Amino acid sequence: METESEPYVRLATLRQLHRVVADLNTARSLADTLQTVVDGIVVGLGYELACVNLVRPDGDLVVAAFAGDPAAEALITGRVGSRASWERRLTMGECWDGLRFIPHTEGWVLLEDDVPQWHTDGPDPRFEDEWHPEDRLYAPMYASGGELLGVISVDRPRNGRRPGAWGREALQMYAFQAAIAISNARLRANMQRALVRLEREQQALRASEESFRQAFEYAPSGMAIAEMGGDQHGRLLRTNDALCRLLGRPASVLRRYSFSDLVHPEDIGTLLRTSAEGGRAELRLGRRDGTYVWVSLRNSVVADAADGPRFLLTHVEDIEERKRHELQLAHRASHDSLTGLPNSAELRARLGARLCRRPQSARASAIEALDAAFEGREAHGGQGGQVGRDGFEVRAEAGGGAGEHGFQPDGPDRYGAVDPFDFPGAPTAATDGPYDHHVHTVAPATDVDDGTKGLAVLFCDLDGFKSINDRFGHHTGDAVLIEVARRLTTGVRDGDTVARLGGDEFVVLADGLGAADAADLAVRLRNAIIPPIRVDGRAVRVGASFGIGWASCGMSADEVLRSADQRMYIEKRSRSKAHRRAG
């Protein structure tokens, strides 16, 4: 009878197996898949109890799903058994192909291990294949690569017997399909988590990009993004409205330029020396109307992707007002507040820049000095100069400095004095020979005009000024000083310097003059001062006494001024008081 019903048993088993396997593919999540696995065993494979022990990332196995007994489910679901205990169980008992059966006669040694289990006591089997409550049947589940995914544990077959060949094969096939379903559920869960994480990252990226866009576009100061590397290194790719307003150019026009196209010619060196990463520089950028505005550039490098192109993010801050104040302060420090002329400190700085410490006896000839100067210029990198607006040559390096002739431009952007020959290895009278990198200042002979040209220092003292100041007050005196300063400035060349020492004393520095030229200049300036000066409807007159001194290497600035001052007093005493006083 059993042999005749075997085909029916096989067919019924296949039908049940097909139905429960089909249910595995309908689960939506990993938890639903695990529960469907144990429910399918109870409903379709004829066992009263079933659970799935799932391998955790740390290797231990946790009871992830249970079916058949609510009390047992509440007791052991979520409990963990060690990997070692499970490996011990999967090597004990009888191997039924892919299954592992541990009879009650051997399983008593497992009662005290840490694997969660549910069992009841019962009588010994009455016949050979009867199921005992302490019998254990496990169906390991493996991934395609042979990795253990988990173990299905079943108990209490409904027919009360140990499963036959078809029952074992059905459980083994079901475990194989369950492993596939669990792997797919895990893959779907991982993909879903990855998609959620990717979406969050994309949302964060979009929010970050939007924040950057708003910060870039609506920043109160200028912002620009430029290319780095390649043929178009430094070309502006993007600018904000603040930078467009600052430079007076629309964004479409600025994209044709780089900062090197916009920077002031004198500041190109400063721009090129500015480091790309964290570099800072203060320079001038050209506006559309042809003027220049002082800005502070601050650079940082931004990578578009991990290995993508890099861009230069530049913050452009308008510092025109601060620069104007700085220049005004520097101008006040070096210029007379009343007349606007260079003051005593500036005069001494300019004069001292022309003088070296070498005494006149150690000087080379004029031709030798010129040759040495040009050789020195080549030896120091061939740095040429350019003519400043007061006629003296200044260095072409960014930031200026004393020129080859030692003078600095008479304007609001050159202040103070720097000794251009005060560097390591600079010539000194004790160590260097007659050839150095400095064109020595030579004083012409005062008794005969031999054609030698030098730096004339004309010391001017006003005659009759004190009486005007005492009689008409300081207001009139100040007006007279301002007019005298104007007349002196008008009477000299563009490259000459007119300075006020203080009180009614003025000094004129005129380079390239011979003895006769200096005397003629003093006469012209005296004649320019003598005409009446009208102040508040009143005409007043002052005279002037001039002393001509000559700057010469080996002398200090104070010595040169003292020499001119002494000659002025000699000239003043040589004329009668009536001739000196003109007002």
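Higher on the page you've got the structure.
In this text the structure is predicted, and so the values were computed from the model without any measurement.

J.: How should the pairing of strand 17 (residues 505-513) be read in this particular structure?
T.: Each regular strand carries side chains that alternate between the two faces of the sheet. With seven of its nine residues buried, strand 17 lies for the most part within the structure. Summarising the sheet, strand 16 (residues 497-502) and strand 17 pair through five bridges and their orientation is antiparallel. What sits directly across from glycine 502, in strand 17, is glutamate 505. The antiparallel pairing of strand 16 with strand 17 creates a hairpin that spans two residues between the two strands, and glycine 503 there sits at a positive phi of about 60 degrees.

J.: Could you clarify how one ought to interpret helix 16 (residues 515-529) in this entry?
T.: Turn by turn, an α-helix covers 3.6 residues, leaving residues three or four places apart pointing in a common direction. Between its terminal C-alpha atoms helix 16 stretches 22 Å, which fits the 21 Å expected from 15 residues at 1.5 Å a residue. Within helix 16 the residues assigned to the buried category are Ala515, Ala518, Leu521, Ala522, Leu525, Arg526 and Ile529. Here the buried residues of helix 16 occupy an arc of 130 degrees about the axis, which is enough to place them on one side. Each element contacted by the buried residues of helix 16 is listed here: strand 15 (454-463), helix 15 (474-491), strand 17, strand 20 (543-550) and helix 17 (557-574).

J.: Would you explain the packing of helix 2 (residues 30-44) against helix 6 (residues 165-217) in this entry?
T.: The axes of two packed helices give the description: the angle between them and the distance between them. It is the contact of helix 2 with helix 6, at a shortest axis distance of 9 Å, that shows an interaxial angle of 165 degrees. One way to sum up the angle between helix 2 and helix 6 is to call them roughly antiparallel. The two elements helix 2 and helix 6 cross, and the hand of that crossing is right-handed. Along the contact surface, helix 2 presents Leu30, Thr33, Leu34, Thr36, Val37, Gly40 and Ile41, while helix 6 presents Tyr174, Ala178, Ala181, Ile182, Ala185, Arg186 and Arg188.

J.: Hey, could you run me through unusual backbone geometry in this one?
T.: With glycine set apart, most residues show a phi of negative sign, and most peptide bonds adopt trans. Positive phi values are uncommon outside glycine, yet aspartate 97 reaches one of about 55 degrees. Position of aspartate 97 relative to the elements: it lies in the loop between strand 4 (94-96) and strand 5 (99-102). One non-glycine residue, arginine 156, lies in the positive phi region at around 60 degrees.

J.: Got a minute to help me understand the pairing of strand 2 (residues 61-67) in this structure?
T.: Along strand 2, six of the seven residues are buried, which leaves the element largely enclosed by surrounding structure. Here strand 1 (residues 47-55) folds back onto strand 2 in antiparallel fashion, the turn holding five residues, of which glycine 59 has a positive phi close to 100 degrees. Note that strand 2 and strand 3 (residues 80-81) share two bridges and pair antiparallel. In the strand pairing of strand 3, leucine 61 is matched with glycine 81.

J.: Which parts of the structure should I look at to understand the packing of aromatic side chains?
T.: Two aromatic rings are characterised by how far apart their centres lie and by the angle between their planes. One pass over the full model with this rule turns up four aromatic pairs. On the basis of an interplanar angle of 10 degrees and a centroid distance of 4.6 Å, the ring pair of tryptophan 96 and phenylalanine 101 is categorised as stacked. Residues tryptophan 96 and phenylalanine 101 agree in their burial class; the two are buried. Between the aromatic rings of phenylalanine 212 and phenylalanine 216, the centroid separation amounts to 5.8 Å while the plane-to-plane angle is 35 degrees, which identifies the pairing as tilted. Of this pair, phenylalanine 212 and phenylalanine 216 both sit in helix 6, four residues apart, which is roughly one turn of that helix. The exposure class of phenylalanine 212 is partly exposed, given its relative accessible area of 34%. Taking relative accessible area as the criterion, phenylalanine 216 reaches 1% and is therefore assigned buried. For arginine 168, the ring lying beneath its charged end belongs to tryptophan 96, and the centroid distance is 3.7 Å. Stacked on the ring of tyrosine 257, the Lys or Arg arginine 249 has its end atom at 5.4 Å from the ring centre.

J.: Explain the sheet that holds strand 20 here, please?
T.: Across a sheet, strands are paired by hydrogen bonds formed along the backbone, either parallel or antiparallel in direction. With antiparallel pairing, four strands are arranged side by side in an open sheet as 16-17-15-20. Unpaired on one side and paired on the other, strand 16 and strand 20 mark the two borders of the sheet. On average, adjacent strands in this sheet sit at an angle of 25 degrees to one another, irrespective of strand direction. The pairing of strand 15 with strand 17 spans seven bridges and is classified as antiparallel. When the bridges of strand 17 are listed, aspartate 461 appears paired with glutamate 505.

J.: Even after reading the chapter, I still don't get the sheet that holds strand 5, so can you show me in this structure?
T.: With respect to topology, seven strands assemble into an open sheet ordered 3-2-1-7-6-5-4, the strand pairing being antiparallel. Whereas interior strands pair on both sides, the edge strands pair on one side only; in this sheet they are strand 3 and strand 4. The sheet contacts of helix 2 involve strand 1, strand 2 and strand 7 (148-157), and relative to strand 1 the element is tilted by about 155 degrees.

J.: Explain the nonpolar core here, please?
T.: It is characteristic of soluble globular proteins that their nonpolar side chains tend to be buried jointly. Counting residues in hydrophobic clusters, the biggest one holds 35 residues, and the most contacted among them are Leu137, Ile152 and Tyr174. Of all the secondary-structure elements, those providing two or more residues to this core are helix 1 (2-24), helix 2, strand 1, strand 2, strand 5, strand 6 (136-142), strand 7 and helix 6. If we ignore the near neighbours within four places in the chain, the residues touching leucine 137 are Tyr47, Trp96, Leu99, Arg100, Phe101, Trp131, Ile152, Ser153, Val154, Pro163 and Leu171. Core analysis: the next-biggest nonpolar cluster, separate from the first, contains 32 residues, Leu458, Ile468, Ala510 and Ala522 among them.

Conventions used here
- Residues numbered from 1 in each chain as written.
- Predicted model: local features only at pLDDT ≥ 70, side-chain atom pairs only at ≥ 80, totals over all residues.
- Heavy atoms only, no water.
- Buried < 20%, exposed > 50% of the residue type's maximum accessible area, 1.4 Å probe, protein only.
- Helix = DSSP H or I, 4+ residues; strand = E, 2+ residues; numbered from the N terminus.
- Pairing = 2+ DSSP bridges.
- Expected span 1.5 Å × (residues − 1).
- Arc of directions from axis to C-beta.
- Contact = heavy atoms within 4.5 Å.
- Axes fitted to C-alpha atoms, helices over the stretch in contact; angles between N-to-C directions.
- Parallel < 35°, antiparallel > 145°, perpendicular 65-115°, else oblique.
- Left-handed = near helix turned anticlockwise from the far one by under 90°.
- Phe/Tyr/Trp six-rings, centres within 6.5 Å; stacked < 30°, edge-to-face > 60°.
- Lys NZ or Arg CZ within 6 Å of the ring centre and 35° of its normal.
- Core = buried A, V, L, I, M, F, W, Y, C linked by side-chain atoms within 4.5 Å.

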